[in-house]
Amino acid sequence: MEKISIIGVPMDLGQLRRGVDMGPSAIRYAGVIERLEALNIQIDDLGDIEIGRPARFSEEHTTGLRNLKAVSEGSMKLAEKVDTVITEGSFPLVLGGDHSIAIGTLAGVAKHYKNLGVIWYDAHGDLNTEETSPSGNIHGMPLAVSLGIGDKSLTSIYGEQPKIKPENVVIIGARSLDTGERELIKELGIKVYTMHEVDRLGMTKVMEESIGYLKDRTDGVHLSLDLDGIDPHDAPGVGTPVIGGISYRESHLAMEMLAESNLITSAEFVEVNPILDEKNQTATVAVALMGSLFGEKLL
């Protein structure tokens, strides 16, 4: 029996909109444990990591990064927890929280792989730095940080070296990229399937190519799924919705194909904000997609 360890990260400090810290609770309320246990998977819910709250006016003025110290500390705690879970032979399933939590997740996972692959399922590239970010929000930076690009207090979390290599990354569903992010993607040669490619090729082809690309070059693959990768019609409860996204059905197909590939060795589902949601719809979508990722089938 497969064992999954659930780690909640009630982080809302990587951006400005409150409520995303309730994401882990919303996902649990939507029945994630029952859904996965029905697949004959042993679930160990490790509860939530404690995220400190910065004092209102204690922001560091040496940097333009919002809540840098608190995000760094939370990321370190998460990295340690993820590292422990993998060491104990369990699959880490991380529930967010805003996407800045990927800094900690990837830092912990990377300890166990020489060539960790990443599928970044997201409307955004999350490849900003302090210099390119329009907002200073760290939830727009975790992929850059994990590549070793950005503020040293973030890139050095749980190890000085970059956690992943650009050639081991595939971004799926991008439709909102800042100028600096576009330049970085071209400079590093990161593989990206924008919504143009998803529409043109179809999700089957996108996933076949992504799986084939990563299978040959990685020894483990992390799935970082931002619910804003999915169209806001299907997943309205996110902080930065972008219309024209991946459909609910396409997302299930993507998860089912990943399940068949046996490629995914860790995963996180982030940016569920129940305050912005409609009757917990977005958390329910997240749980349904987790079902598909872990092998749920209709027949």
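Residues numbered from 1 in each chain as written. Predicted model: local features only at pLDDT ≥ 70, side-chain atom pairs only at ≥ 80, totals over all residues. Heavy atoms only, no water.

Undergrad: Please give an account of the UniProt feature "binding site: Mn(2+) 1" (unreviewed entry) in the protein that cites residues and values.
TA: Per the UniProt record, "binding site: Mn(2+) 1" (unreviewed entry) is found at His-99, Asp-122, Asp-226 and Asp-228. Look at the named residues: they lie 130 residues apart in sequence, but the longest C-alpha span between them is just 10.4 Å, so in the fold they bunch up. Checked against the element boundaries, His-99 lands in the loop between strand E3 (91-96) and helix H4 (102-110). Residue His-99 is classed as buried on the basis of its relative accessible area, which comes to 0%. Discounting residues that sit within four places of it in the chain, His-99 has contacts with Trp-120, Asp-122, Asp-126, His-139, Pro-142, Ser-224, Asp-226, Glu-268, Val-270 and Glu-271. (UniProt positions renumbered as here; feature names shortened; annotations may be inferred. Helix = DSSP H or I, 4+ residues; strand = E, 2+ residues; numbered from the N terminus. Buried < 20%, exposed > 50% of the residue type's maximum accessible area, 1.4 Å probe, protein only. Contact = heavy atoms within 4.5 Å.)

Undergrad: A description of the environment of Thr-84 should follow, citing residues and the corresponding values.
TA: Tracing the backbone shows Thr-84 in helix H3 (residues 68-87). Accessibility expressed as a relative area gives 39% for Thr-84, which makes it partly exposed. Thr-84 sits 25 residues away from Val-109 along the chain, and the two C-alpha atoms are 9.6 Å apart.

Undergrad: Residue-level account of the nonpolar core, with values.
TA: Residues Leu-93, Tyr-121, Ile-172, Leu-223, Leu-227, Phe-269 and Met-290 are the most contacted members of the largest nonpolar core, which totals 49 residues. By residue number, the principal contributor to this core is helix H11 (residues 281-293), which donates 7 residues. Residue contacts for Leu-93: discarding those within four places in its chain leaves Ile-4, Ser-5, Ile-6, Ile-7, Leu-36, Ala-267, Phe-269, Met-290 and Phe-294. Ile-101, Val-109, Leu-143 and Ile-190 belong to the second-largest nonpolar core, a separate cluster that totals 45 residues. (Core = buried A, V, L, I, M, F, W, Y, C linked by side-chain atoms within 4.5 Å.)

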